[in-house]
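Coordinates in review
For reference, the chains in residue letters:
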Amino acid sequence: MAQLWGGRFTKETDRLVYQFNASIYFDRRFFEEDIEGSIAHVVMLEKQGILTEEEKNQIVKGLTGIREDVKAGTLEITEKYEDIHSFVEANLIQRIGEAGKKLHTGRSRNDQVALDMKLYTRAEVVHVAEGLESLLHTLLSIMENNLETYMPGFTHLQKAQPVTLAHHIGAYFEMFKRDSLRLKDIYVRMNYCPLGAGALAGTTYPLDRVYTASLLGFEGPTSNSMDSVADRDYVIEFLAALSTVMMHLSRFCEEIILWNSNEYRFVEIDDAYATGSSIMPQKKNPDIAELIRGKTGRVYGALVSILTTMKGLPLAYNKDMQEDKELTFDAIDTVKGCLALFDGMLKTMKFHTQVMAQSAVNGFTNATDAADYLVGKGVPFRDAHGIIGRLVLYCIEKNTSIEALSLEELKGISPVFENDIYDAVSLQACVEKRLTFGAPGPEAMREVTGRNREFLEHSWLHEKNIGKWFPC
Ligand code: ARG
């Protein structure tokens, strides 16, 4: 057991208490962030005349050495230390002696952990956005290649009106685009540095917080030292954004599971992304889509968990906040994994475009257009609705579709029908006429895919300084 705070105590910590209290099991994950923050801190301490140049150089060298050794696997982060902060500090003192004891000058573990968590989260906001961006590229190519691939659009899971595959996939493009922009908002809002807040009330040393903030790629320092150590809003916002990503992935997975079923046969998941059954030789199951749908629950769980942890905490730091880490890490890993797998599944999935188009024909998705045709001939819409309703019933009884009826049969329902009805209700005509911005008509869609292509070309991830900070 290696602790930083023995002085005031006369007894050893109980073993179970030590284990219960320790966070090294999981906060070892941000050893690089911890070292990064410490280097920025000592560089600033030297600039402010709080450390000598010699001390600073020794500490920076020691810290860099620890980072290299851990990365190389020659230095193990063991459970002998209470947390990652203790591990780094103890190792530094072991390595460089006296100067190492000055690292923690003007700093508390409270602002240190707030910084580490922020650095870690900030980098992960970018990584998740990169995963989203790959998926957006995949979606956009499917859209561009399928502007005239017809399929039924559904409401209540009942065939409603014809759309195109580009349009259906385009709906998901918009969702994931919003997800990406949500991450950008979070990035911008969270990008203020808590280091220098001390335990809660700042410090009496003349720290230059603006300088440390800039060394670490932040917009500036946070404005209230109590809030700095007590704030986990950015974790909550990030988990809310991750939950929304999972909700979108899950809805998409649900559709893919349906589309891949024997009944729909709209798509076929590639063998590399499907699994078999141990007993039923004919089966090819969409397990990956199901698992992604299933994992949505654990990401929501992380969000609800941290919201609940934070809700009753008085200012400023409380140990409850240590609970922010494991579930956040798990949620981040889950979402990044799901995004990558989903992207791969989508890239390799085969779309049975003929089956999709046939399904749109069979499902009376042109019934609204048939009613609109009658309206064009002077029939009031409500009457036209009734006529087409009777026509659909007739077709169901005869097991056929509107466009397969003869003109005589059509006239038997309403004398208003003429030969031009066939063009008016063809699948192609039904889709092509839908030309308002945002509608499935190929011309309207081309405008949208063009804009989305531009959106990807000017991605916020390419903006200067986003996702990068300057290691000292
Ligand atoms: N392991 C702690 C956490 O994750 C670090 C901060 C400890 N601060 C303290 N005052 N005990 O929150």
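The structure this text deals with has already been given above.
The text that follows walks through the structure, step by step, so that each part is easy to find. (Residues numbered from 1 in each chain as written. Predicted model: local features only at pLDDT ≥ 70, side-chain atom pairs only at ≥ 80, totals over all residues. Heavy atoms only, no water.)

**Side note on the site of the ligand**
Using the following cut-off: When at least one non-hydrogen atom of a residue lies within 4 Å of a molecule or strand, that residue is treated as near it. Contacts described as polar in this section are N or O atom pairs within 3.5 Å, which, within protein, must combine one atom able to donate a hydrogen with one able to accept it, while residues neighboring in sequence count only if both atoms come from side chains. Numbering of helices and strands runs from the N terminus; a helix is a DSSP stretch of H or I covering at least four residues, while a strand is a stretch of E covering at least two. Under the convention adopted here, Pro, Cys and the residues Ala, Val, Leu, Ile, Met, Phe, Trp and Tyr are nonpolar, Asp, Glu, Lys and Arg are charged, and Gly plus all remaining residues are polar.
Taken together, the neighbourhood of the ligand is formed by Ser-23, His-85, Arg-109, Asn-110, Val-113, Tyr-317, Gln-322 and Lys-325. In the model, a nitrogen atom of the ligand is placed 2.8 Å from a nitrogen or oxygen of the Gln-322 side chain. Within the side chain of Lys-325, an N or O atom sits 2.5 Å from an oxygen atom of the ligand. The greatest single-element share of the shell around the ligand, amounting to 3 residues, is contributed by helix H6 (residues 109-145). Among the residues making up the shell around the ligand, the classes are represented as 2 nonpolar, 4 polar and 2 charged.

**Quick look at the nonpolar core**
Where we set the bar: Note on terminology: a nonpolar core comprises buried Ala, Val, Leu, Ile, Met, Phe, Trp, Tyr and Cys residues joined through side-chain atoms within 4.5 Å. Any residue under 20% of the maximum accessible area for its type is buried, any over 50% is exposed, and the rest in between are partly exposed; the area is computed with a 1.4 Å probe on protein chains only. What makes two residues a contact is simply this: any of their non-hydrogen atoms within 4.5 Å.
With 109 residues, the main nonpolar core has Phe-87, Leu-183, Leu-249 and Phe-342 as its most contacted residues. For Phe-342, the contacting residues outside a window of four places in its chain are Leu-135, Leu-249, Phe-252, Cys-253, Ile-256 and Ile-292. Leu-374, Leu-391, Val-392 and Ala-424 belong to the second-largest nonpolar core, a separate cluster that totals 21 residues.

**Comments concerning the pattern of salt bridges**
This is how it is decided: A carboxyl oxygen of Asp or Glu within 4 Å of a side-chain nitrogen of Lys or Arg is what we treat as a salt bridge.
Per the stated rule, a full pass over the model turns up 33 salt bridges. Close ionic contact of Lys-336 with Glu-124 constitutes a salt bridge, the shortest N to O distance being 2.8 Å. One end of the pair, Lys-336, is in helix H12 (residues 324-348); the other, Glu-124, is in helix H6, and 212 residues separate them in sequence. In this structure Lys-336 comes out as partly exposed when scored by relative accessible area, which is 29%. Several salt bridges share partner residues, and in doing so they unite Glu-82, Asp-83, Arg-109 and Lys-319 into one network.

**Here we look at the side chain of Asp-179**
You can see Asp-179 is positioned in helix H7 (residues 165-190). Judged by relative accessible area, which is 0%, Asp-179 ranks as buried. Within polar-contact distance, the side chain of Asp-179 engages the side chain of Arg-182 at 3.0 Å. Residues within four places of Asp-179 in sequence aside, it is in contact with Leu-132, Thr-244, Val-245 and His-248.

**Section: unusual backbone geometry**
Note that the residue after Leu-315, namely Ala-316, is joined by a cis bond; omega there is 5°. When you line up the elements, Ala-316 lands in the loop between helix H11 (287-310) and H12. Even without being glycine, His-156 reaches a positive phi, approximately 55°. With respect to the helices and strands, the residue His-156 is situated in the loop between strand S1 (150-155) and strand S2 (158-164). Phi at Asn-399 takes a positive value of approximately 50°, unusual for a residue other than glycine. Within the secondary structure layout, Asn-399 lies in the loop between helix H15 (381-398) and helix H16 (407-413).

**Overview of H15**
Note the threshold: Here the expected length of a helix is defined as 1.5 Å per residue gap, with one fewer gap than residues.
When the terminal C-alpha atoms of H15 are compared, their 25 Å separation across 18 residues agrees well with the 26 Å that a helix rising 1.5 Å per residue should span. Among the residues trailing H15, Asn-399 stands out with phi positive, at a value near 50°.

**Quick notes on the packing of aromatic side chains**
Short version of the rule: Classification of ring pairs rests on two measures: the distance between centres of Phe, Tyr or Trp rings, Trp counted by its six-membered ring, which must be within 6.5 Å, and the angle between planes, read as stacked under 30 degrees, edge-to-face over 60 and tilted in between.
Going through the model one piece at a time under the given rule, you end up with 11 aromatic pairs. Between the aromatic rings of Phe-30 and Phe-329, the centroid separation amounts to 6.0 Å while the plane-to-plane angle is 85°, which identifies the pairing as edge-to-face. With Phe-30 in the loop between helix H2 (24-27) and helix H3 (31-47) and Phe-329 in helix H12, this pair connects stretches of sequence that are 299 residues apart. Like Phe-329, Phe-30 is buried. Judged by centre distance (6.3 Å) and plane angle (55°), the rings of Tyr-187 and Trp-460 are tilted. With Tyr-187 in helix H7 and Trp-460 in the segment after helix H19 (442-457), this residue pair connects regions lying 273 residues apart in the sequence. Considered together, Tyr-187 and Trp-460 belong to a single accessibility category, that of buried residues. Linked through ring pairs, Phe-154, Trp-259, Tyr-264 and Phe-266 together constitute an aromatic cluster.

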